[in-house]
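Next come the chains, spelled out residue by residue.
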Amino acid sequence: MTAVRDLPEGTWHQLARPSLAYLKPFQAELADLPVERIRHTLGLDHVVKLSFNENPYGPSPKAIEAMQATLASLHLYQDATGDLLRHAIAADLGIKPGEIILTNGADELILLLALALLEPGDEVIIPSPTFGQYQASSIAMGARPISVPLPDFRIDVQSILTAVSPKTKMVFLCNPNNPTGTIVTSRDLGHLVDELPEHILLVADEAYIDYVTDSSYASALDYLERRANLIAIRTFSKVHALAAARVGFGISHEPLIDLLHRVRPPFNVNGIGQAGALASWQDTDYQEKMRELNTQNRAYLYSLLDEANLPYVPSQANFVLVDTKEDATMMCKRLAKEGIIIRNAAIFGLSRHVRITIGRKEDLCRIGQILDER
Ligand SMILES: Cc1ncc(COP(=O)(O)O)c(C=O)c1O
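Residues numbered from 1 in each chain as written. Predicted model: local features only at pLDDT ≥ 70, side-chain atom pairs only at ≥ 80, totals over all residues. Heavy atoms only, no water.

## As for unusual backbone geometry
A negative phi holds for most residues other than glycine; trans holds for most peptide bonds.
Line of reasoning, step 1. Backbone torsion omega between Ser128 and Pro129 reads 10°, so that peptide bond is classified as cis.
Line of reasoning, step 2. Along the chain, the position of Pro129 falls in the loop between strand S3 (123-128) and helix H6 (133-140).
Line of reasoning, step 3. We note that Asn53 has phi near 55°; this positive angle belongs to a residue other than glycine.
Line of reasoning, step 4. With respect to the helices and strands, the residue Asn53 is situated in the loop between strand S1 (48-50) and helix H3 (61-70).
Line of reasoning, step 5. Even without being a glycine, Arg246 presents a positive backbone phi close to 60°. (Helix = DSSP H or I, 4+ residues; strand = E, 2+ residues; numbered from the N terminus.)

## A short note on the site of the ligand
Line of reasoning, step 1. Inspection of the region around the ligand gives 14 residues, with Ala106, Asp205, Tyr208, Thr235 and Ser237 positioned closest.
Line of reasoning, step 2. Asp205 has a polar side-chain atom sitting 2.6 Å from a nitrogen atom of the ligand.
Line of reasoning, step 3. Within the side chain of Lys238, an N or O atom sits 2.9 Å from an oxygen atom of the ligand.
Line of reasoning, step 4. Considering the ligand on its own, with 390 Å² of exposed area, one finds that the protein chains cover 92% of that surface.
Line of reasoning, step 5. In terms of residues, the shell around the ligand owes the most to one element, helix H5 (residues 105-117), which gives three residues.
Line of reasoning, step 6. The class makeup of the residues in the shell around the ligand is six nonpolar, four polar and four charged. (Near = heavy atom within 4 Å. Polar contact = N/O pair within 3.5 Å; in protein donor to acceptor, adjacent residues only side chain to side chain. Areas by Shrake-Rupley, 256 points an atom, 1.4 Å probe, with all protein chains shown as cover. Nonpolar A, V, L, I, M, F, W, Y, C, P; charged D, E, K, R; others polar.)

## Focus on the nonpolar core
One recurring pattern in soluble globular proteins: nonpolar side chains tend to sit buried together.
Line of reasoning, step 1. By size, the foremost hydrophobic cluster in this structure holds 45 residues, and its most contacted members are Leu85, Ile89, Leu173, Leu192, Leu202, Phe236 and Phe249.
Line of reasoning, step 2. In this structure Leu173 touches Ile155, Ile160, Val184, Leu189, Leu192, Leu202, Val203, Ala204 and Asp205, once residues within four positions along its chain are discounted. (Core = buried A, V, L, I, M, F, W, Y, C linked by side-chain atoms within 4.5 Å. Buried < 20%, exposed > 50% of the residue type's maximum accessible area, 1.4 Å probe, protein only. Contact = heavy atoms within 4.5 Å.)

## Some remarks on empty space enclosed by the protein
Line of reasoning, step 1. Enumeration according to the criterion identifies two cavities of 30 Å³ or more in this entry.
Line of reasoning, step 2. For the largest cavity, the full set of lining residues is Glu54, Asn55, Pro56, Tyr57, Tyr211, Met290, Asn294, Asn297, Asn318, Ile358 and Gly359.
Line of reasoning, step 3. Here the residues of the lining of the largest cavity sort into five nonpolar, five polar and one charged.
Line of reasoning, step 4. Of the volumes computed, that of the second largest cavity is approximately 50 Å³.
Line of reasoning, step 5. Lining the second largest cavity, in full, are Asp79, Ala80, Thr81, Gly82, Ile101, Leu102, His261, Arg264, Asn268, Val269 and Gln274.
Line of reasoning, step 6. Split by residue class, the lining of the second largest cavity holds four nonpolar, five polar and two charged. (1 Å grid on protein atoms, 1.4 Å probe; cavity = no way out; pocket = protein on both sides within 12 Å on 5 of 7 lines; lining within 4 Å. Points joined across faces, edges and corners; volume = space filled by probe spheres on them.)

## Here's the deal with the side chain of Glu108
Line of reasoning, step 1. Positionally, Glu108 belongs in helix H5.
Line of reasoning, step 2. At 2.7 Å, the side chain of Glu108 and the backbone nitrogen of Asn104 are in polar contact.
Line of reasoning, step 3. Residue contacts for Glu108: discarding those within four places in its chain leaves Thr103, Pro265 and Asn268.

## Observations regarding the pattern of salt bridges
Line of reasoning, step 1. Summed over all chains, the structure comprises 18 salt bridges.
Line of reasoning, step 2. One salt bridge in this structure joins Glu123 and Arg144, with 3.2 Å as the shortest N-O distance. Placement of the pair is Glu123 in strand S3 and Arg144 in strand S4 (residues 144-149), with a sequence separation of 21 residues.
Line of reasoning, step 3. For Arg352, the salt bridge goes to Asp323, with nearest N and O atoms at 2.5 Å. Taken as a pair, Arg352 in the loop between strand S11 (340-344) and strand S12 (353-357) and Asp323 in strand S10 (residues 319-323) lie far apart in primary sequence, 29 residues in all.
Line of reasoning, step 4. Given a relative accessible area of 41%, Arg352 falls into the partly exposed group.
Line of reasoning, step 5. The exposure class assigned to Asp323 is buried, which follows from its relative accessible area of 11%. (Salt bridge = Lys/Arg side-chain N within 4 Å of Asp/Glu carboxyl O.)

## Description of the packing of aromatic side chains
Line of reasoning, step 1. Tallied over the full model, the rule gives eight aromatic pairs.
Line of reasoning, step 2. When the centroid spacing of 5.7 Å and the interplanar angle of 75° are considered together, the rings of Phe131 and Tyr134 count as edge-to-face.
Line of reasoning, step 3. For Tyr134, a relative accessible area of 1% gives the class buried.
Line of reasoning, step 4. Relative to Phe319, the ring of Tyr208 lies with its centre 5.0 Å away and its plane at 80°, an arrangement referred to as edge-to-face. Taken as a pair, Tyr208 in the loop between strand S6 (201-205) and strand S7 (230-235) and Phe319 in strand S10 lie far apart in primary sequence, 111 residues in all.
Line of reasoning, step 5. Residue classification places Tyr208 among the buried positions, given a relative accessible area of 5%. (Phe/Tyr/Trp six-rings, centres within 6.5 Å; stacked < 30°, edge-to-face > 60°.)

## Notes on the pairing of S4
Line of reasoning, step 1. Summarising the sheet, S3 and S4 pair through six bridges and their orientation is parallel. Counted as the bridge partner of Ser128 is Pro149 from S4.
Line of reasoning, step 2. Crossover S3 to S4 through H6 is right-handed. (Pairing = 2+ DSSP bridges. Right-handed = clockwise from strand over helix to strand, strands pointing away.)

Set out below in structure tokens:
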């Protein structure tokens, strides 16, 4: 039998799903590398990574302790359905454990949704710019992403409704939206929930929900009773600072959760992550502290940007989209030389913008100094 590596170039395409021709493997640029490698690449002792919307303060000490306690039993498979964690989340949110599915980060949930529901020919409405995995997962299943532009960096619910066609299967709504940091208000979300045809799944990605301070915001959870075809996505990668532990979860009605379990690998969420997530979920003081620091540091970053006369989009998340008023590469390079790595928003089609994660005050202060030196 011919080994795959011996196949003539191009033959791969005959083996793969045709839609994969439209996707590229993840290619790490400087801003995507682990801190150690960035340090090595740039020849710098100190590097601050503000390109991934991570929590710069690290996990709760209680989460670290809980994760360490699991190490001696790593030879045993963990609980495949993460019952302790699901029960804790369900009790606090006032829902049933069966209405929650745990996944290997929110990323896996997005992929599972595509795997369970999408077929070639289906259309998926994706307000853009937004998080890239909605498009990638839809394309992987042969579905067609229908991009709906954001006027003024805000997701426009009416444009989503206008884009609906007989082929629409799913709508992705990132709320707050990455990379703009803007929200869909509870009024607009309610309108979408009521007006979107019932057979279409509305996916509300709430990865950044914990950072929202605007009282006009509401979670999709508030609308679950009003709509069957609705799922909320959450993650432990942001306020809980457990990005590398890879724990996310979805909340919906049991029939949809059941569909997702059919395509879920049985041991998708590792035991270390489950233990850390449970301890962190219960450490509400820590979450509150992280939220408070983000709010303070976000205001501090605004003040630096105001001083530098750089326009930005007011954010409800742990990052800010900034108009550099020039090719964004210039600011990325200027900051990288000083060991500060930010996200060039050209990957979102915004060639003048950068997305800066709300770092610690001292790191943001350094950005202010570099901007002053221009
Ligand atoms: C909007 C949004 N959804 C999902 C994710 C993925 O989160 P996770 O680390 O849980 O896979 C991210 C990551 O940055 C994100 O920005």
